[in-house]
Protein chains: 2
Amino acid sequence: MEKLEALFDHIASRVNVNLKPLGIDVRPLLQNSIPRERHLLYYAFYALTQDHPLSFKFLNSNLAGSYFLGKTMVDRSVLYKSDIRGDELKRKGDVVEFNGVKTRLFYDEVIRIINSFLVKTLVHNNSKNAEMPEVFRILNTVAMHFSNIHGTTCEGVYLGPFATADFSVMHNCVVGDFSYVQAGDLANKIIEPGRVWIRARGLYEFNYVFPEGVVEKYVKLNEHGQLSGKFIEYVDETKEDFVPVYSTLAPEPLENIPESTYVSPYAVIKGQCEIGENCLIVQRAHVENSVVGKGSNAQENCFIKNSVYEGNDVTAHGGKVIHAHIGKNVFVGFNSFVHGTKDAAITIGRDSIVMPHTIIDAEEPIEVPENSAIWGYVTRQADLANQCVDLEQFSKTTDLTLGNATFKGDGDAFVKAFRHRIEHIREENGAYYNGTEKTRGHAQKTQDACFNILQPFQSGPGMGMYPTMTIGE
Amino acid sequence: MEKLEALFDHIASRVNVNLKPLGIDVRPLLQNSIPRERHLLYYAFYALTQDHPLSFKFLNSNLAGSYFLGKTMVDRSVLYKSDIRGDELKRKGDVVEFNGVKTRLFYDEVIRIINSFLVKTLVHNNSKNAEMPEVFRILNTVAMHFSNIHGTTCEGVYLGPFATADFSVMHNCVVGDFSYVQAGDLANKIIEPGRVWIRARGLYEFNYVFPEGVVEKYVKLNEHGQLSGKFIEYVDETKEDFVPVYSTLAPEPLENIPESTYVSPYAVIKGQCEIGENCLIVQRAHVENSVVGKGSNAQENCFIKNSVYEGNDVTAHGGKVIHAHIGKNVFVGFNSFVHGTKDAAITIGRDSIVMPHTIIDAEEPIEVPENSAIWGYVTRQADLANQCVDLEQFSKTTDLTLGNATFKGDGDAFVKAFRHRIEHIREENGAYYNGTEKTRGHAQKTQDACFNILQPFQSGPGMGMYPTMTIGE
């Protein structure tokens, strides 16, 4: 494993170039978080479809568990159980607009990952970097367990476990455990654990910080890179369910799945489930004893258990929904934990927005009214008073302080931005498919995908490394 | 499937450039022999090991079912359930000798397959082409079901089903159904069906032709490319056994396999089997209720059923051994059919050579004495009179006519060449492994192989085609 060992060393030294000045040394985390042998156990795979131009280049890397689609280049990196999706890469000639400035893509956009360590990490493009829209760049970056890199350029970034970097451009940044940031251009920032920060410069800014002691109950990383807390406990409970899924090449097609719906062969559908039309259940999503209504989706690392989705509901990456009744058109944000029990079920009214990184860990039945925004840490109905606002009311707000949350700016623009984005997700995922080419989304375009499987060398000095590969034109 | 269809058209037109002058039109065979949809069903795979330098380049092809190892380039070709092995490719600087002329390899040797259609075909290198030892070339070639291309340059060649082109250089040739040729440099030859032709120019020549009507009982290809006969019936009986083997990614390791032995995860071991040390059971070999003694092997498309191998026995590609007792150091040649039954078992004495393409289809118990060469078509003990010779006696022969067989030349050289080759096969396969690096062979070197899986596009105009790929430096 000499080469893999040298690769870890290389990544640590490069990432520390960016992060040591911010007081972060990633070396001990890289050294210990995943036992080296585990990098031999998993295979990488990529999807072939006629709708996604194919171009992969893999150099000097371990790709274990990755899922590729579209155009990706990986050099001197370790990707562990990652999902690197490229299904929203822009094409040559596309025009992008950012802060009122328009520019046209000179080449097809490509995801380029260099000198990085991404562990159980999703990367989803739809980049908001108009400076260089041809390249979605992840450089000198360490992303810990189940953090999300989403539409975000990362150059010298550390993401703690279950952190999300969303729609940003980040250079030399630290995003603390379970922190969510969607704040445009960021440099040399340290975001503390459990902060939810949504900012559109000159337009609005939302801030929330979890009460002291809460984040640690759910997400705790020790100095050796070992993760504990309720989130990982919940995720680990279902680990076994994925073993058969990842060890067969020709999975039995599921019964009663409508033609317009896509269930990835790398998803788990368990117990009594009912899945409607135009749904998208992607790889590493886990659905158990639930109803997933028409036009709904479950994205990477989502868990839906003992729940009902009425329809057109979106569960963003890492969302977990247990013992919940979800009304129509609801959005459950990144890494949210909507955790009811049999005796303390959760109801989310239609058209509501569960903000990213919300924890609803019900100790009693909880009912979120229709058309609400909900955020933060909720365990009882009474908590909603400080953490839930009617969206119509929010639209009229310009200044709000409520519990640990503050909002300043154009409430209407904030709500519209959310609504617009949720709508975009539904469209992209094919929730409104009606047989026409225009309405086809991921659910339909991925139908005919087949998967190619890549493994690392199993012995010798190159053990754990993948061969150099160029796939596609 | 426009692109796949165009590829078939392209291959037919190129092969016909070489073969039309010989009266062969491959177009109807290509059009009909395999339903197009079947080219979507199978995946190609290649092995990663530390002992085989990796370099693949795949362009404009369908690779379904191939197995790659070493360095291979495939361009504008259809490989269907093929085994393209490169485990005996020569390296840069190696010296080869052919007819007394020595030359040194300028580059690593590579297998290069262009404009060819290889259906259920094995390709094994160890090339005897000293003119261009850096390239093992298969150009404008059509090889039908279970034919073997072995150490043979093929430029404009048609191989009928179960035909074998062994250790030759062939340009514009036709090798008829179940014909075996090992005859050095050949051009513009048509080898009739069922001929066994072994020639070392200036040294010896062996010829045998199956009696009229026999080949058709075992191998019959109609004008639409459909195959029938006892061979394919036998092969088809075991088809189902390979389904689970090819649909799992993490096969359960077999029990009671010695460490020095390699059983490919793509082989079938069925019923009660006992496999000794230093054995090699490769992909698409099928072993059932048999004992495979120390140092023995079963090569691609071999079937061993209800049989005992005492040890150091070699079953060359496509050999089938049923209800037989095989003494020590026996060689069963390419595509031989040693078919006993419970009441008509076959015994092959130690040190014997079952020549390539021998059919022993026992109607009564048959015993082949020790140290014999046996060939041709045998159904009863009495048939041995004309088709079996003591090898010591053979060594002293310079001229022999026996039944349908003739031999002219240096009998001693002929026997020694066979013995030398069988010894080489044992060494290469690791039959004599004693823990030292020098004695490691395929059985040991392939131990840590892991497999990467490639599939074709499942929809769109590219349906059935594989993406362009370059793997390795």
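Quick notes on the rules
- Residues numbered from 1 in each chain as written.
- Chains lettered and ligands numbered in written order.
- Predicted model: local features only at pLDDT ≥ 70, side-chain atom pairs only at ≥ 80, totals over all residues.
- Helix = DSSP H or I, 4+ residues; strand = E, 2+ residues; numbered from the N terminus.
- Rg over C-alpha atoms; globule rule 2.2 N^0.38 Å.
- Buried ≥ 20, exposed ≤ 12 C-beta atoms within 10 Å, placed from the backbone.
- Contact = placed C-beta atoms within 7 Å.
- Domains from an automatic or database assignment.
- Nonpolar A, V, L, I, M, F, W, Y, C, P; charged D, E, K, R; others polar.
- Least-squares fit on C-alpha atoms with pLDDT ≥ 70 in both.
- Pairing = 2+ DSSP bridges.
- Core = buried A, V, L, I, M, F, W, Y, C linked by C-beta atoms within 7 Å.
- pLDDT = per-residue confidence, 0-100.

What follows is about the overall build of chain A. Looking only at helices and strands, one finds ten helices and 49 strands in chain A. For chain A, the C-alpha radius of gyration of 21 Å lies close to 23 Å, the compact-globule estimate for 473 residues. Within chain A, the proportion of its 473 residues that are buried is 54%. Once local pairs closer than 6 in sequence are excluded, the contacts in chain A between residues at least 24 apart make up 37%.

Let's shift gears to the domain arrangement of chain A. Residue and element names in this part refer to chain A. Here chain A is partitioned into domain 1 (2-234 + 451-471) and domain 2 (249-445). The straight-line distance from the C-alpha centre of domain 1 to that of domain 2 is 24 Å. Domain 1 puts 31 residues into the contact, and the matching count from domain 2 is 30 residues. Looking at the side of domain 1 that touches domain 2, the elements with two or more residues in it are strand E11 (122-124), strand E14 (148-150), strand E16 (164-166), strand E21 (195-200), strand E22 (204-209), helix H4 (214-218) and helix H5 (230-237). The class makeup of the residues in the side of domain 1 that touches domain 2 is 19 nonpolar, six polar and six charged.

Superposing chain A onto chain B takes a rotation of 180° plus a shift of 0.0 Å along the axis, which leaves an RMSD of 0.0 Å. Within this description, the copies of the chain are treated as partners about a two-fold rotation axis. Of the residues that chain A buries at the interface, 100% are likewise interface residues in chain B, meaning the two copies contact each other through the same surface.

Another aspect to go through is the sheet that holds strand E37 (residues 331-332) of chain A. All names here are of chain A. A sheet is described by the order of its strands in space; here eight strands give the open sequence E25-E28-E31-E34-E37-E40-E43-E45, paired in mixed fashion. With partners counted over all chains shown, the strands left at the sheet margins are strand E25 (262-263) and strand E45 (388-390), one partner each. Both E37 and strand E40 (residues 353-354) contribute to a ladder of two bridges, which runs parallel. Looking at E40, one finds that Val332 is bridged to Val354.

Residue and element names in this part refer to chain B. Mapping Glu427 onto the fold places it in helix H9 (residues 411-429). Glu427 sits in the partly exposed class, given 15 other C-beta atoms within 10 Å. For the pair Glu427 and Arg440, spaced 13 residues apart in the sequence, the C-alpha separation amounts to 8.1 Å. For Glu427, the contacting residues outside a window of four places in its chain are Tyr432 and Gly441.

A word on the nonpolar core. Within the largest apolar cluster, 286 residues are counted, with the highest numbers of intra-cluster contacts made by Ile281(A) and Ile281(B). For this core, the leading source of residues is helix H1 (residues 2-19) of chain A, giving seven residues. Those residues in contact with Ile281(B) that sit more than four places away from it in its chain are Val263(B), Ser264(B), Ala267(B), Ile275(B), Val287(B) and Ala298(B).

Quick look at the pairing of strand E7 (residues 95-98) of chain A now. All names here are of chain A. Examined bridge by bridge, E7 and strand E8 (residues 101-104) share four bridges and lie antiparallel to one another. Among the inter-strand pairings, Glu97 is bridged to a residue of E8, identified as Lys102. What sits between E7 and E8 in their antiparallel hairpin is a turn of two residues, with Asn99 showing a positive phi close to 50°.

Below, the discussion takes up the pairing of strand E15 (residues 153-159) of chain A. All names here are of chain A. Of all seven residues in E15, six are buried, a share of seventy percent or more. In the sheet, strand E12 (residues 135-139) pairs with E15 via two bridges, with the strands oriented parallel. Along E15, the bridge assignment pairs Leu139 with Glu155. When strand E13 (residues 142-143) meets E15, the two strands line up parallel, connected through two bridges. Bridging from a neighbouring strand, Ala143 pairs with Leu159 of E15.

A few words on the sheet that holds strand E39 (residues 346-348) of chain A. Residue and element names in this part refer to chain A. Across the sheet, which stays open at both edges, the six strands sit in the order E27-E30-E33-E36-E39-E42 with parallel pairing between neighbours. Pairing within the sheet leaves two strands with one partner each, and these edge strands are strand E27 (274-275) and strand E42 (366-368). Here three bridges tie E39 to E42, and the two strands are oriented parallel to one another. The residue bridging Thr347 from the neighbouring strand is Glu367, located in E42.

With that settled, the discussion passes to the interface of chain A and chain B. Interface size is commonly expressed as the accessible surface area that is lost when the partners come together. Taken together, the contacts link 26 residues of chain A with 26 residues of chain B. Of all the secondary structure elements, the ones that give two or more residues to the side of chain A that touches chain B are strand E48 (450-454) and strand E49 (469-471) of chain A. Here the side of chain A that touches chain B is composed, by residue class, of twelve nonpolar, twelve polar and two charged. Inspection of the sheet shows E49(A) paired to strand E49 (residues 469-471) of chain B by three bridges, in the antiparallel sense. Bridge pairing in E49(B) places Ile471(A) opposite Met469(B).

With that out of the way, let us pick up the environment of Val330(B). All names here are of chain B. Turning to its location among the elements, Val330 is positioned in the loop between strand E36 (324-326) and strand E37 (331-332). The class for Val330 is buried, based on 29 C-beta atoms found within 10 Å. Between the alpha carbons of Val330 and Asn312 there is a distance of 7.2 Å; along the sequence they are 18 residues apart. Not counting residues up to four positions away in its chain, the partners in contact with Val330 are Asp313, Ile348, Arg350 and Ser352.

Our next topic: the confidence of the model for chain A. Overall, the predicted model of chain A reaches an average pLDDT of 93, with 99% of residues at or above 70. With pTM at 0.88, the complex prediction returns an ipTM value of 0.82.

As a further point, take unusual backbone geometry. Its identity is not glycine, yet Asn289(A) carries a phi of approximately 45°, on the positive side. Following the sequence through the fold, Asn289(A) ends up in the loop between strand E29 (286-288) and strand E30 (291-292). The class of Asn289(A) is partly exposed, set by 14 C-beta atoms lying within 10 Å. The backbone phi angle of Asn278(B) is positive, close to 55°, even though this residue is not glycine. Among the secondary structure elements, Asn278(B) is positioned in the loop between strand E27 (274-275) and strand E28 (280-281). Residue Asn278(B) is classed as buried on the basis of its 26 C-beta neighbours within 10 Å.

Residue and element names in this part refer to chain A. Tracing the chain through its elements places Leu227 in strand E24 (residues 227-228). For the pair formed by Leu227 and Ser33, sequence separation is 194 residues and the distance between their alpha carbons is 8.2 Å. Not counting residues up to four positions away in its chain, the partners in contact with Leu227 are His145, Pro161, Leu221 and Ile232.

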